[in-house]
Amino acid sequence: MESLAQLELLCERLYNSQDSAERTHAENTLKCFSTNIDYISQCQFILDNALTPYALMLASSSLLKQVTEHSLSLQLRLDIRNYLVNYLANRGPKLQLFVIGSLVQLLCRLTKFGWFDDDRFRDVAKESINFLEQATSDHYTIGLKILNQLVCEMNQPNPGLPSSHHRRVACSFRDQCLLQIFQISLTSLHRLKNDDISRLQELSLSLSLKCLSFDFVGTSIDESSEEFGTVQIPLAWKPVLEDSSTLQIYFDYYALTKPPISKESLECLVRLASVRRSLFTNDAARSKFLDHLMSGTKEILRTGQGLADHDNYHEFCRLLGRFRINYQLSELVTMDGYGDWIRLVAEFTSKSLLSWQWASSSVYYLLGLWSRLVSSVPYLKGGAPSLLDEFVPKITEGFITSRLDSAQSGQPDDTSEHPLDNVDLLQDQLDCFPYLCRFQYENSSLFIINIMEPILQTYVERAQLLTGDSSELSIVEAKLAWIVHIIAAVLKLKQSVACSAESQEVIDAELSARVLRLVGVADSGLHSQRYSELSKQRLDRAILSFFQNFRKSYVGDQAMHSSKLYARLSELIGLNDHLLLLDFFVRKIATNLKCYTQCEEVIDQTLSLFLELASGYMTGKLLLKLETVKFIIRNHTREHFPFLEVYSCSRSRTTFYYTIGWLIFLEDSPALFKTSMDPLLQVFVTLESTPETMFRTDSVKFALIGLMRDLRGISMATNSRRTFGLFFDWIYPAHMPILLRGISHWADTPEVTTPLLKFMAEFVLNKAQRLTFDTSSPNGILLFREVSKLLVAYGTRILSVPSTADIYGCKYKGIWISLTILARALAGNYVNFGVFELYGDRALADALDIALKMTLSIPLADILAYRKLTRAYFAFVDVLFSSHLLFTLSLDTRTFMHIVGSLESGLKGLDSGISSQCASAIDNLAAFYFNHITMGEAPTSPAAVNLARHIAECPALLPEILKTLFEIVLFEDCNNQWSLSRPMLSLILINEQMFTDLKTQILASQPVDQHQRLASCFEKLMADVGRSLDSKNRDKFTQNLTIFRHDFRVK
């Protein structure tokens, strides 16, 4: 670097240049500052002498990276820390905000990483107080920024720090400093209350919020979710929280300030409202705290101050929602101001429901509060009135009315915005509502019926017209969809709450009868021409939700036979038992499958309901008695079900045929199976008669795609030896050549190969031991030969296909499915693989060869980048090392090293399942080495000779893997320690000198004063462990390793 001026120019380009090439050049030139330890002193020189903020930013961010990624000496870190404190004190007020932020982050990172190394690192809180005591507001700002960043840093895991060490630092910080920092924030808030320096007020509030949001017990739970529960504040905080001025200061700030400061005040209150019950001295102290919360929220409700701002409004709804988590109705009703408070909350809720467009995401918290209050009524004792009888019916009616108003206003047809299409929000709102509805069920149901009847009547009348106003009909359908969703949600509660009183069942019947009557109308007259309309599709999705919830409550294996419900349904619409109702459901399912051709959502939901009905033991048996189901089983063709020929719905075919297969196999009837497969047989016959010259046409392509998806569905339904045998005998050997022909002609077309290979992956999977053939049957061997032919045909072609921009879709997807097929076939335990070599059959060797070529064609970085490919690859390698190790050892050294090297990469990955597979593979390899080379006199078998040669050519291979295993166990949080311990023992026993060298390396990387203790830990690791790999010896080593890991990590 010629001069500081040149460096400043480069920094300017790095942060400001619009030219990416110029920016990249600057980045590469300046990279040395963040990667080379020798440049740390240069960073200090830049901080001292540079004039531009970008140069200062470079120095600060480079030092941050150095501190995070390199093990700097203790003295150097202390020097940097002291320098930073003085630098911020002297030059901080004149610096740009982003430079201050970066320097503060560096100071806090040093503090965290050095927390247990030297007590001086822990003085940062005291030094922040020195900043606060300075006369200038600039110093005050820096002091608050340091504390804010410090709490944030301590609460957040760092990539370079094991999470166990992070928790130890966080807990120590929590116990020693956090309360003091929280008190500093309170003092600042009181001091700044009457000042007009909003920046300082915001920093003080932010500091309070960070303290209250600290992960006190290491749960790391998302605060916005229901599991947020209570805040586990330590006992030492009790005096501060019981002091009424603590709560009051946040209410004061809400009243005095504007967003976003007022929102942060409410966020602090949300946290305080969630403080654990056991923190308070006694019930009186807790009641005082609750009373203060209620009076504060009551004042906000009374004046409405700040609630015109959406963020404030949402946070205030969250605050009210916290009352349901932490306080019981019996406590609330004893408060002096409960009557006024509950009335104001009811009025606020009613207004919120009217403002449905503005407050839709916030209403969830209010409905949650009311549902919790209502659920507590049965447990309420004493004479204090809850007043819920007065308010809940109004809120229930307000909710229903608001939903219908939203339909009346005509929502946009954009599915991302429409409330009936936003599944998560719809679920949130409807989850809480049934509790309110069932609170005074008779009145609520009457209200629903009175609202629904005229709308339903209008819909009936429109069905009889030849034409109609489409927009008006859409509004009617939207209203009916909301009502059906609401009734469905109310019925869903039946199976989760004990509200099965006979009177409630009669009301359920009244509501259900209206929906069932609607179903008949919706598919008749004019409405039968509206299946392409979004509003009609939403209505049918609501009806399907109703069917699913009704089924769980009143039909099927788990449901109680309800005489009252069916008696009333019989009176109203003539459906008097399970069978008639099931027939009604199935006719609607058949109608949807016939009439919907373009709407995947309706098709998928319809098929999901059909599968639920078919997979229940009792409902499945009942379905087989129905003529509609018999018709579907006999006639599952595109003529009857047009969605089968729509390419966009082709994925749904697998579910359709899975359901049909499930129904067919419920009866032990080969004749039923054969007749049911006739439609698929016709497709096979057509394809088999197609000449080679015509096999690359679109008609063949779509026929193949559909057939493979259909066969996969049928195969998924075979869960026993009997059912799989029926399917196997039907497809093999007669129809297997079509698979080979299809893959040969269409290997370059993933739309064809993916469903074909996925069918094969399902077909060879030995789930529930379904692939168990007679001892005299060659079927297992014959099946594997088909697998081998298919894989060789696909593999040889796909390797020659040129890569495209979408290399995953074009190549990698097919390769990972191929590896899955082979891994499942090799591990299925239905083939004696020794037969192939014995009789000179190349099926096994060819399959392994092509699989290996496919894996070697993919760079290891890509294998690790695509999750599904990663899983398939390591599952295959695991099977290879456990069952076909001789093949692996016969490979050339370069290929062998590549595979074993990939296992080391898999060990380092985040997925513990993959890590365990890699450990198993390494253990098999190391155990073979130990048994045949270490313990043998000299390698005699060809495999042992090959392994000895491989290891001789790369002697660092096994020591590197052992080192990796020790690093994972000692320095990372591994939840599969048992699996990792297995290869560790095998590797240690192979060569004890290798273990001794590794001990020396690990000790050298630790502080000198720890060497003696850590050497003792290593000695205990091998205590009572012998030189064998029997299970008893392995278990002893695993026990020792657990103790070793614990003792080693204690500082």
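Residues numbered from 1 in each chain as written. Predicted model: local features only at pLDDT ≥ 70, side-chain atom pairs only at ≥ 80, totals over all residues. Heavy atoms only, no water.

*Asks:* I'd like to hear about the overall build of the protein chain, residue by residue, with values.
*Replies:* Scanning the protein chain from terminus to terminus reveals 52 helices and zero strands. For the protein chain, the spread of C-alpha atoms along the principal axes amounts to about 90 × 90 × 60 Å. For the protein chain, the proportion of its 1051 residues judged to be buried stands at 54%. Pairs at least 24 residues apart make up 75% of the contacts formed inside the protein chain by residues separated by at least 6 positions. Entry remark: accessible area of the protein chain is about 44800 Å², with carbon and sulfur atoms responsible for 51%. (Helix = DSSP H or I, 4+ residues; strand = E, 2+ residues; numbered from the N terminus. Buried < 20%, exposed > 50% of the residue type's maximum accessible area, 1.4 Å probe, protein only. Contact = heavy atoms within 4.5 Å. Areas by Shrake-Rupley, 256 points an atom, 1.4 Å probe, with all protein chains shown as cover.)

*Asks:* Tell me what's going on with unusual backbone geometry, and back it up with residues and numbers.
*Replies:* In this structure, the amide linkage connecting Pro259 to the following residue, Pro260, adopts the cis form with an omega of 0 degrees. Checked against the element boundaries, Pro260 lands in the loop between helix H13 (244–256) and helix H14 (261–273). In this model, Tyr732 is joined to Pro733 through a cis peptide bond whose omega is 0 degrees. In this fold, Pro733 is placed in the loop between helix H35 (721–731) and helix H36 (736–746). Even without being a glycine, Leu387 presents a positive backbone phi close to 65 degrees.

*Asks:* I'd love a proper account of the packing of aromatic side chains, names of residues and values included.
*Replies:* Applying the stated criterion across every chain, the model contains 52 aromatic pairs. Ring geometry for Phe316 and Phe348: centres 5.6 Å apart, planes at 85 degrees, overall edge-to-face. On the criterion of sequence distance, the pair formed by Phe316 in helix H16 (residues 310–326) and Phe348 in helix H18 (residues 338–354) is long-range, its members being 32 residues apart. Ring pairs connect the aromatic residues Phe684, Phe724, Phe727, Phe728, Trp730, Tyr732, Phe759, Phe763 and Phe773, which therefore count as one cluster. A cation over a ring is seen here: Arg168 above Phe116, with NZ or CZ 4.7 Å from the ring centre. (Phe/Tyr/Trp six-rings, centres within 6.5 Å; stacked < 30°, edge-to-face > 60°. Lys NZ or Arg CZ within 6 Å of the ring centre and 35° of its normal.)

*Asks:* Before we move on, can you summarise the pattern of salt bridges with the specific residues and values?
*Replies:* With the rule as written, the count across this model stands at 49 salt bridges. Put simply, Arg568 and Glu571 hold a salt bridge, and the shortest N to O gap is 2.7 Å. Here the residue Arg568 and the residue Glu571 both occupy positions in helix H26 (residues 563–573), the gap between them amounting to three residues, near one helical turn. Of the residues examined, Arg568 reaches a relative accessible area of 23% and is grouped as partly exposed. Judged by its relative accessible area of 58%, Glu571 falls in the exposed class. Between Asp774 and Arg721 there is a salt bridge whose closest N-O contact spans 2.5 Å. Of this pair, Asp774 sits in the loop between helix H37 (750–763) and helix H38 (779–798) while Arg721 sits in helix H35, and the two are 53 residues apart along the sequence. Since its relative accessible area comes to 44%, Arg721 is described here as partly exposed. Here the residues in one salt-bridge network are Glu453, Glu510, Arg514, Arg568 and Glu571, joined through shared partners. (Salt bridge = Lys/Arg side-chain N within 4 Å of Asp/Glu carboxyl O.)

*Asks:* I'd like a rundown of the side chain of Ser208, residues and numbers included.
*Replies:* Locating Ser208 in the fold gives a position in helix H11 (residues 198–212). At 2.7 Å, the side chain of Ser208 and the side chain of Tyr250 are in polar contact. The contact partners of Ser208, leaving out residues within four places of it in the chain, are Phe182, Ser185, Leu189, Tyr250 and Cys268. (Polar contact = N/O pair within 3.5 Å; in protein donor to acceptor, adjacent residues only side chain to side chain.)

*Asks:* I'd love a proper account of the environment of Pro755, names of residues and values included.
*Replies:* As for its placement among the helices and strands, Pro755 is situated in helix H37. Counting along the chain gives 49 residues from Pro755 to Gly706, while the straight-line C-alpha distance between them is 8.4 Å. Other than its neighbours up to four places away in sequence, Pro755 contacts Ile705, Met708, Arg709 and Pro750.

*Asks:* Quick one: what's the story with the packing of helix H6 (residues 74–91) against helix H8 (residues 124–132), residue by residue and with numbers?
*Replies:* Packing of H6 against H8 brings their axes to within 11 Å, and their N-to-C directions diverge by 15 degrees. Here H6 lies roughly parallel to H8, going by the angle between them. Viewed along their axes, H6 and H8 form a crossing whose handedness is right-handed. Across the interface between the two elements, Arg81, Val85, Leu88 and Ala89 from H6 touch Val124, Glu127 and Phe131 from H8. (Axes fitted to C-alpha atoms, helices over the stretch in contact; angles between N-to-C directions. Parallel < 35°, antiparallel > 145°, perpendicular 65-115°, else oblique. Left-handed = near helix turned anticlockwise from the far one by under 90°.)

*Asks:* Residue-level account of the side chain of Ser512, with values.
*Replies:* Mapped onto the secondary structure, Ser512 falls in helix H24 (residues 502–522). The residues contacting Ser512, other than those within four sequence positions of it, are Leu491, Phe546, Phe550 and Leu569.

*Asks:* Outline the nonpolar core, supporting the account with residue identities and numerical values.
*Replies:* Formed by 366 residues in total, the largest nonpolar core has its most connected members in Trp370, Phe550 and Phe966. Among the elements that take part in this core, helix H23 (residues 470–492) stands out by supplying 14 residues, more than any other. Apart from the residues within four sequence positions on either side, Phe966 is in contact with Phe971, Met984, Ile988, Phe995, Leu998, Ile1002, Phe1018, Leu1021 and Phe1044. (Core = buried A, V, L, I, M, F, W, Y, C linked by side-chain atoms within 4.5 Å.)

*Asks:* Tell me about the packing of helix H34 (residues 698–716) against H36, and please be specific about residues and values.
*Replies:* Contact pair H34 / H36: the axes reach a minimum separation of 12 Å and the direction vectors enclose 130 degrees. With respect to H36, the axis of H34 lies oblique. Helix-helix and strand crossings are classified by hand; for H34 and H36 the assignment is left-handed. Here Val700, Lys701, Leu704 and Met708 of H34 lie close against H36, whose contacting residues are Ile738, Leu739, Gly742 and Trp746.

*Asks:* An account of the environment of Lys351 is needed here, citing residue identities and associated values.
*Replies:* Relative to the assigned elements, Lys351 resides in helix H18. Look at Lys351 and you get exposed, because its relative accessible area is 58%. Between the alpha carbons of Lys351 and Leu739 there is a distance of 63 Å; along the sequence they are 388 residues apart.

*Asks:* Give me the lowdown on the state of the cysteines, citing residues and values where you can.
*Replies:* As enumerated under the stated definition, the model contains zero disulfides in all. For the unlinked cysteine Cys171, the closest cysteine sulfur is that of Cys177, found at 13 Å. In this model Cys599 remains outside any disulfide bridge; the closest cysteine sulfur is found in Cys649, 8.0 Å from its own. Under the relative-accessibility criterion, Cys599 is labelled buried at 5%. (Disulfide = S-S within 2.5 Å.)

*Asks:* Kindly report on the confidence of the model for the protein chain, identifying the contributing residues and their values.
*Replies:* On average, residues of the protein chain carry a pLDDT of 89, and 96% of them reach 70 or more. Within the protein chain, the element-level pLDDT minimum falls on helix H21 (residues 423–439), averaging 83, and the maximum on H37, averaging 97. Of the regions scoring below 50 in pLDDT, residues 221–227 engages in 13 contacts with residues more than four places distant in sequence or in other chains. (pLDDT = per-residue confidence, 0-100.)

*Asks:* Describe the environment of Ser986, naming the residues involved and giving the relevant values.
*Replies:* In this structure, Ser986 sits in helix H49 (residues 977–990). Overall, the relative accessible area of 0% leaves Ser986 in the buried class. Between the C-alpha atoms of Ser986 and Thr68, which are 918 residues apart in sequence, the distance is 35 Å. Leaving out residues up to four positions away in the same chain, Ser986 has contacts with Asp923, Ala926, Ala927, Leu1029 and Arg1034. A polar contact is formed between the side chain of Ser986 and the side chain of Asp923, at a distance of 2.5 Å.

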